[in-house]
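So you can see what is in the structure, the chains are spelled out below.
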Amino acid sequence: MTKVSAIAILLLYVCSTSARTFHALPSYDVSACPPLPPHTPSSINDLRPNDIKVVMSLGDSITAAFGLEGEAGALNEYRGQSWDIGADNNATTLYNYFKQFNPNLQGGSVGSHIVELCYGALCPPYQYHPAQDVLNGAQSGATITDLVTHEFDYLLGQLKSNAKIDMKNDWKVLTILIGANDLCLSCEDKNIDADEFERNMRATLENVRTNIPRTFVNLVEMFNISQVYTLSLTNSKCKFVHRTLPVECDCAFTPGAKGDQQRVFMDTLAQQYNARIRSIVSDYASKNYTEFAVVDQPMGRDTKISTFPIDFLSTLDCFHPSKVAHGMMATALWNSMLTPASKKATAISPVGVAPLCPTEDTKLYVN
């Protein structure tokens, strides 16, 4: 059974069940924050939020926003509401936080469309919908190996073809969250170890550094996705879904002792990936580039998904983040970017937090 056909069967089931009661989506609003005065940065160490002209993203189905609208969204990606790059009106996203301080911001993805699906290292060509994806290069099902060429090539092509973007002079933010599918394959022969993860991440970052000037890169640490299994046990429909069709992450949803071993291995590997991210960030920091930085955003490291309300998970598959979760992730990243490294949160709060209001002295911290 292919992943697509299995998800289709899953959809038939969830659409036949009663709707889940959702907690109210927290109100995240920076419109009341005072405007920032014009600023000309001297280097990437001097960036303010209103200096950012372009937002970009690479990743997987989390950033593609698959499942965000639950059963009602069917097999669509709601990229306009994606946590870091969605540009739909009223969506709680990193892009919209930045747009509050620069209305001419470029790059945000809009609307929705059918899923764009990679099969591990195989990403069929011509899946992208550039008018909607814009600079959201994420692909559902993507692994770290898909970033180096497939996603990066799309992103670079869109940057070069956008007449509203000054490639040489515009300051840009690129967010990378990747590794969920690598972890979900970790109990199979397709295991991507920490060495391979690091090689591919470094290759991707060098592609960015040598081709996309003036870029501030967020490397977001991966959370222990195996905890989705624990959270799903609190909901009868989710238990049924994962017991019947554990196709999206077999390694996490296998029951019993075997499953327990797989989940421990997944969590160990996730922390190894995160350790490599920190090592990469340290290496780039030592180079003292004036127009390029790679910054560790650690809010996923200690996040305890098992303590979150069930509406953190999509009602489509009880696996992908819901609209509630996307808003929480967006605010966590925004706040992390405005916080020095020594004070950054290493976990997303299960009850959410308010977005920070930047002042004229607030930087996008590179360390």
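Throughout, residues of each chain are indexed from 1 in the direction in which the sequence is written. In keeping with the predicted nature of the model, local features appear solely for residues at pLDDT of at least 70, side-chain atom pairs appear and are counted solely at 80 or more, and the whole-chain, interface and lining totals rest on all residues. Hydrogens and water are ignored here; the side-chain numbers use all heavy atoms of the structure.

(A) The arrangement of the nonpolar core in detail. For the purposes of this section, nonpolar cores are sets of buried Ala, Val, Leu, Ile, Met, Phe, Trp, Tyr and Cys residues that join through side-chain atoms within 4.5 Å. Think of it in three bands: with a 1.4 Å probe and only protein chains considered, a residue is buried below 20% of the maximum accessible area for its type, exposed above 50%, and partly exposed in between. Among the nonpolar cores identified, the biggest contains 97 residues, and Phe98, Ile176 and Leu219 are the most heavily contacted of them. Two residues qualify as a contact provided that any one of their heavy atoms is within 4.5 Å of a heavy atom in the partner residue. In contact with phenylalanine 98, not counting residues within four places along its chain, are Pro49, Ile52, Val55, Leu105, Val173, Trp334, Met337 and Leu364.

(B) Structural view of the packing of aromatic side chains. Centres within 6.5 Å are what make two rings of Phe, Tyr or Trp a pair, Trp counting through its six-membered ring; a difference in plane orientation under 30 degrees is then read as stacked, over 60 as edge-to-face, and the rest as tilted. Scanning all chains against the criterion turns up ten aromatic pairs. Taken together, a centroid distance of 5.4 Å and an interplanar angle of 40 degrees make the contact between tyrosine 97 and tryptophan 334 tilted. One end of the pair, tyrosine 97, is in helix α3 (residues 94-99); the other, tryptophan 334, is in helix α12 (residues 323-337), with 237 residues separating them in the sequence. Chaining the aromatic ring pairs together yields one cluster made of Tyr97, Phe98, Phe101 and Trp334. Note on criteria: charge over ring means Lys NZ or Arg CZ within 6 Å of the ring centre, with the direction from the centre no more than 35 degrees off the ring normal. In this structure, arginine 263 is placed above the aromatic ring of tyrosine 229, and the distance from its NZ or CZ to the ring centre is 3.7 Å. Put simply, DSSP marks the helices as runs of H or I at least four residues long and the strands as runs of E at least two long, and each gets a number from the N terminus on.

(C) Inspection of the pattern of salt bridges at higher detail. The salt bridge definition used is simple: a Lys or Arg side-chain nitrogen within 4 Å of an Asp or Glu carboxyl oxygen. Under the defined criterion, the tally for this structure stands at 16 salt bridges. With its nearest N and O atoms 2.9 Å apart, the salt bridge here joins arginine 202 to glutamate 198. One end of the pair, arginine 202, and the other, glutamate 198, are both in helix α7 (residues 194-211), four residues apart, so they sit about a helical turn from each other. Given a relative accessible area of 26%, arginine 202 falls into the partly exposed group.

(D) Fine view of unusual backbone geometry. Although it is not a glycine, alanine 65 sits at a positive phi angle of roughly 65 degrees. Of note in the backbone geometry, alanine 74 takes a positive phi value of approximately 50 degrees without being a glycine. You can see alanine 74 is positioned in the loop between α2 (61-64) and β2 (76-77). Given the relative accessible area of 26%, alanine 74 is considered partly exposed.

(E) View of the packing of α7 against helix α11 (residues 256-287). One way to put it is that α7 packs onto α11 with a least axis distance of 10 Å and a crossing angle of 35 degrees. Our pair here, α7 against α11, has a crossing hand that is right-handed. Contacts between α7 and α11 pair Ala194, Asp195, Phe197, Glu198, Met201, Arg202, Leu205, Glu206 and Arg209 from the former with Leu269, Gln272, Tyr273, Arg276, Ile277, Ser279, Ile280, Asp283 and Tyr284 from the latter. Gly is placed with the polar residues, together with every amino acid not listed as nonpolar (Ala, Val, Leu, Ile, Met, Phe, Trp, Tyr, Cys and Pro) or charged (Asp, Glu, Lys and Arg). Across the contact of α7 with α11, the residue classes tally to nine nonpolar, two polar and seven charged. Note on definitions: angles span 0 to 180 degrees between N-to-C directions of axes, and those axes are lines fitted to C-alpha atoms, for helices only across the stretch in contact. Take the far helix as the reference: if the near one is turned anticlockwise from it by less than a right angle, the crossing is left-handed, and if turned clockwise, right-handed.

(F) Broad picture of the side chain of glutamine 106. With respect to the secondary-structure elements, glutamine 106 resides in the loop between α3 and β3 (113-114). When its relative accessible area of 18% is taken as the criterion, glutamine 106 is described as buried. Under the rule applied, a polar contact is a pair of N or O atoms within 3.5 Å (in protein, one hydrogen donor and one hydrogen acceptor; residues adjacent in sequence only if both atoms are side-chain atoms). A polar atom in the side chain of glutamine 106 sits 3.2 Å from the backbone oxygen of asparagine 104.

(G) Geometry of the sheet that holds strand β1 (residues 52-59). Two strands qualify as a pair provided DSSP detects at least 2 bridges between them. Spatial ordering of the open sheet is given by β1-β6-β7-β8, a layout of four strands whose pairing is parallel. Each edge of the sheet is formed by a strand with only one pairing partner; in this case those strands are β1 and β8 (292-297). Across the sheet, the axes of successive neighbouring strands diverge by a mean angle of 20 degrees, strand direction being ignored. Of the strand pairs in this sheet, strand β7 (residues 215-220) and β8 are connected by six bridges, and their pairing is parallel.

(H) Geometry of helix α9 (residues 236-244). Burial in α9 covers these residues: Lys237, Cys238, Val241 and His242. Here the buried residues of α9 occupy an arc of 125 degrees about the axis, which is enough to place them on one side. In α9, those exposed residues whose orientation departs by more than 90 degrees from the buried face are Ser236 and Arg243. Taking the backbone nitrogen of lysine 237 as reference, a side-chain oxygen 3.1 Å away marks asparagine 235 as the first, capping residue of α9. Each direction from the helix axis to a C-beta atom contributes to the arc, which is the arc of those directions.

(I) Region of the structure containing the pairing of β7. Of all six residues that make up β7, six are buried, and the element is covered over most of its length. The alternating pattern of β7 places Thr215, Val217 and Leu219 and Phe216, Asn218 and Val220 on opposite faces, both of which are buried. Relative to β7, strand β6 (residues 171-177) runs parallel, the two being bridged by five bridges. From the neighbouring strand, threonine 175 faces β7, where its bridge partner is asparagine 218.

(J) Here's a closer look at the packing of helix α5 (residues 147-161) against α7. As a packed pair, α5 and α7 sit with axes 9 Å apart at the nearest point and diverge in direction by 25 degrees. Comparing their axes, α7 and α5 come out roughly parallel. Crossing hand, α5 versus α7: right-handed. Taking contact as the criterion, the partners of Leu147, Val148, Phe152 and Leu156 in α5 are, on α7, Asn200, Ala203, Thr204, Asn207, Val208 and Asn211. Of the residues in the contact of α5 with α7, the class split is six nonpolar, four polar and no charged. Roughly parallel means an angle under 35 degrees; roughly antiparallel means over 145; roughly perpendicular covers 65 to 115; every other angle is labelled oblique.

(K) Geometry of α11. A helix is expected to span 1.5 Å multiplied by its residue count minus one. The terminal C-alpha atoms of α11 lie 48 Å apart, and with 32 residues this matches the ideal 46 Å at 1.5 Å per residue to within 8%. Among all positions in α11, only Gly259, Gln262, Arg263, Met266, Leu269, Ala270, Tyr273, Asn274, Ile277, Ile280, Val281 and Tyr284 are buried. Tucked into the core, α11 has its buried residues touching α6 (180-184), α7, β7, α8 (227-232), α10 (250-253) and β8. Looking one or two places after α11, you find asparagine 288, whose phi comes out positive at around 55 degrees.

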